[in-house]
Amino acid sequence: MNLRPPTRSSGSWILTRGPGSTEGGIWSELLIVAALAASGAYIAQQWTIRHPHAGPSPQVQNVAALPNLQLIAYQELQQHDTRESCWILVRGQIYDVTDFLAQHPGGALIILSHAGRDATAAYSSHHPPALLDNILSPSQHLGAVDPATLPPGHHASSAELTEDEQRVKQARAEIPPLNMCISVQDLEDVAKKVMSKVAWGYCMSGADTMSAYKNNIAAFSRYAFRPRVLRPVSRVDTSCSILGNPSALPIFVSPAANAGLGHPLGELGIVRGAAYGGIIQGVASTSTLPLAELEMERKDGQTMFFQLYVNKDRQVSERLLREAERRGFKAVLLTVDTPVPGKREMDLKTRGLPTPAAAAAGEKQLSSTQAGIANSLGDYFDANLCWDDLAWLRSVTKLPIILKGVQTVEDVELAVQHGCEGVLLSNHGGRQLDYARAPIDVLYEVRKCRPDILDEKKIEVYLDGGVRRGTDVVKALCLGATAVGMGRPLWYANAAYGQKGVVKLIDIMAEEIATAMRLLGVTNLSDLKPEMISRISNFDPRKPYHLPVI
Ligand code: HEM
Ligand code: HEM
Ligand SMILES: Cc1cc2nc3c(=O)[nH]c(=O)nc-3n(C[C@H](O)[C@H](O)[C@H](O)COP(=O)(O)O)c2cc1C
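As a starting point, this report considers the structure included with it. (Residues numbered from 1 in each chain as written. Chains lettered and ligands numbered in written order. Predicted model: local features only at pLDDT ≥ 70, side-chain atom pairs only at ≥ 80, totals over all residues. Heavy atoms only, no water.)

Let's talk about the pairing of strand β9 (residues 280–283)
Where burial is concerned, the two faces of β9 agree: the one with Ile280 and Gly282 and the one with Gln281 and Val283 are both buried. Where strand β8 (residues 251–253) and β9 come together, two bridges link them in parallel fashion. The partner of phenylalanine 252 across the bridge, within β9, is isoleucine 280. Looking at chain direction, β9 and strand β10 (residues 304–308) are connected through three bridges and run parallel. Bridging across to β10, glycine 282 finds its partner in phenylalanine 305. (Buried < 20%, exposed > 50% of the residue type's maximum accessible area, 1.4 Å probe, protein only. Helix = DSSP H or I, 4+ residues; strand = E, 2+ residues; numbered from the N terminus. Pairing = 2+ DSSP bridges.)

Pasting the structure below:
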């Protein structure tokens, strides 16, 4: 890997070897990048503009040589378990984080719940090893725990891994060769095995009962094909254009935050894989890597769209938009289904976190009812964002606007009236409002009620949510979509195999799309028509067709 010269305020590349790291090979390269991403100065600079829970940026200290470390008795650590004096044990080292509590972007409560104890597992599931020493001053690193004082069954060696880290290490060593994956589901199955529990929970989680998440996938089964025969199909063209930008396939990467949780190289594998596969990438405003990094990786002619959550402080959003425009992003995906976050239980469980409302109650000492209200007024999102704000958006960017998260034909009509260039029918992959309809059913509604919008291209219509097969893509295009997005599948492919996994996924989709087109009797995407599918009205999505057991 070629390291570029340092350009950030941190001034130098930092290379730390985490416990259990091997010399050379891909994982040591990955550690370098993880350490870079953890650079304190950089985080402070990016924090206020990029993170959904924008608060004060963490105080950044120069990385300096550590003072002589002391051995501290475990029982001494246990004394410091309050807001007034809060110590934590991470990988055998003891830190005084009392002064840092108020600055912690994840909130004081989460650290306090590990005060006076071993916080290694909790800390490691959120942060790379180097972060602590980059952000805290040397004087806050108090020393190492005295192993002789540890309670039975407790390990202090920094070389020891948590149970989940051990499982992941083992699973990574046994990862199946990529060519064993022949479907999108296969890639997901591997990802589940080799990802940390936290990364898996974060990505797969849907809201509440997960009904919207499951229904997104099942809903495609309600549409069946009416193929035409005896048509020459040896040549097939899967290419299309999305807002004038060419794409090799009618699929794009739906923006999914924090790819770094799944893969130490963050979004890089997705950027490189998308370039190779010739598809467009939606980049989340809460990506692990900054836009500058992604721009540097982008190949000539590669198209990226920028996803935006509108901040209460419009200047923050304006800065982001200007940056995206300057860096050559070609459209804005304005997310409109997230005035407040959904309740993602799988995510909360694997992290051992309180719900945002309960956390707010703990922090602000409110009743849970008050906290629920406080939560709905989160620090970052503007819960009062409305149609009139589109005029503001137009005034700050020349980029075409795609509304992401539209879920009714009425709102598609409003998007047309407001002059938006595109709508992405989406329920955020079932992560926001549970029981929100599947996007393919919303598209069906648009087809039934306002076919003119689709046929006359009054606006480009896309969907995402539950797309796992080439046939899913072809069904959406038959109903009038220009293209469809995929979120989790690309995140998983990247987490499991990095760039190669992303390329594999795109290859699988390309093959399935081309095969479905041929078997349907068409050779161009523009030939896909509504009469080529029918909706099965009495289909029970709880009993989908099953593969025969071989
Ligand atoms: C008990 C240990 C800790 C836990 C469970 C924890 C958890 C979290 C969580 C949940 C977030 C919010 C969002 C996110 O994941 O991006 C966060 C953000 C953050 N935390 Fe911690 N934290 C811990 C300790 C620390 C310590 C000791 C430091 C530094 C000395 C630190 C520095 C940061 C920074 C810089 C961010 C914002 C950047 C980011 O990672 O996205 N945390 N933390
Ligand atoms: C103490 C309360 C909270 C905790 C511990 C928490 C923790 C986290 C963590 C760990 C992540 C993953 C890292 C990330 O995407 O940055 C996350 C993502 C996110 N959080 Fe929170 N959060 C809390 C409250 C909130 C609130 C109040 C809002 C909004 C008003 C919010 C909105 C989001 C959004 C939009 C994402 C981003 C990515 C996605 O769409 O999946 N969170 N949160
Ligand atoms: C891990 C993850 C993170 C996501 N982050 C964002 C985000 O930051 N902004 C956004 O608009 N949508 C986000 N989404 C929603 C996706 O853009 C997309 O709508 C959804 O994943 C589509 O469903 P699918 O996962 O079934 O393909 C995220 C989805 C996942 C799974």
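Comments concerning empty space enclosed by the protein
Taken as a whole and assessed by the stated rule, the structure comprises five cavities of 30 Å³ or more. When its volume is computed, the largest cavity comes out at roughly 80 Å³. The wall of the largest cavity is formed by 14 residues, among which Val253, Ser254, Ala256, Ile270 and Gly282 lie closest to the centre. Contributions of two or more residues to the lining of the largest cavity are made by β9 and α22 (488–497). (1 Å grid on protein atoms, 1.4 Å probe; cavity = no way out; pocket = protein on both sides within 12 Å on 5 of 7 lines; lining within 4 Å. Points joined across faces, edges and corners; volume = space filled by probe spheres on them.)

So, the coordination of the iron atom of ligand 1
Protein-derived ligands of the iron atom of ligand 1 are His104 (NE2) and His127 (NE2), with the metal-ligand distances lying across 2.0 to 2.1 Å. Coordination at the iron atom of ligand 1 comes from six donor atoms whose angles at the metal span 84 to 179°, giving a geometry best classed as octahedral. With histidine 104 in the loop between β3 (93–96) and α4 (108–112) and histidine 127 in the loop between α5 (120–126) and α6 (131–135), this pair connects stretches of sequence that are 23 residues apart. By relative accessible area, histidine 127 is classed as partly exposed at 27%. (Donors = N, O, S within 2.8 Å, 3.2 Å for Na, K, Ca; no water. Tetrahedral: all angles 85-135°; square planar, octahedral: opposite > 155°, others 65-115°.)

Section: the pattern of salt bridges
Taken as a whole and assessed by the stated rule, the structure comprises 17 salt bridges. Via salt bridges that share partners, Glu413, Arg450, Asp452, Glu456 and Lys458 belong to a single interconnected network. (Salt bridge = Lys/Arg side-chain N within 4 Å of Asp/Glu carboxyl O.)

As for the packing of α22 against helix α23 (residues 499–520)
Contact geometry for α22 and α23: axes closest at 6 Å, N-to-C directions at 140°. Classed by the angle they form, the pair α22 and α23 counts as oblique. Helix-helix and strand crossings are classified by hand; for α22 and α23 the assignment is right-handed. Seen from α22, the contacting residues are Pro489, Leu490, Ala493, Asn494 and Tyr497; seen from α23, they are Gln499, Lys500, Gly501, Val502 and Leu505. (Axes fitted to C-alpha atoms, helices over the stretch in contact; angles between N-to-C directions. Parallel < 35°, antiparallel > 145°, perpendicular 65-115°, else oblique. Left-handed = near helix turned anticlockwise from the far one by under 90°. Contact = heavy atoms within 4.5 Å.)

Side note on the nonpolar core
Generally speaking, nonpolar side chains in soluble globular proteins are found buried as a group. Counting residues in hydrophobic clusters, the biggest one holds 114 residues, and the most contacted among them are Ile440 and Leu443. When residues in this core are grouped by element, the largest group, nine residues, is from α23. Once residues lying within four places of it in the same chain are set aside, the contact partners of isoleucine 440 are Ala219, Phe220, Tyr223, Leu463, Lys475, Ala476 and Leu479. With 17 residues, the next largest nonpolar core counts Cys86, Ala108, Ala119 and Tyr123 among its residues. (Core = buried A, V, L, I, M, F, W, Y, C linked by side-chain atoms within 4.5 Å.)

Regarding unusual backbone geometry
Phi is positive for leucine 230, which is not a glycine, with a value near 55°. By the secondary structure assignment, leucine 230 is in the loop between β5 (223–225) and β6 (240–242). Here the phi dihedral of lysine 457 falls at roughly 50°; this positive angle occurs in a residue that is not glycine.

A word on the environment of glutamate 345
Looking at the secondary structure, you find glutamate 345 in helix α14 (residues 345–351). Taking relative accessible area as the criterion, glutamate 345 reaches 25% and is therefore assigned partly exposed. Beyond its immediate stretch of four places on either side in the chain, glutamate 345 contacts Ser205, Gly206 and Asp208.

Here's the deal with the sheet that holds strand β13 (residues 422–425)
Around the barrel, which closes on itself, the eight strands sit in the order β8-β9-β10-β11-β12-β13-β14-β15 with parallel pairing between neighbours. Strand-to-strand twist across the sheet, computed as the mean angle between neighbouring axes with direction ignored, equals 30°.

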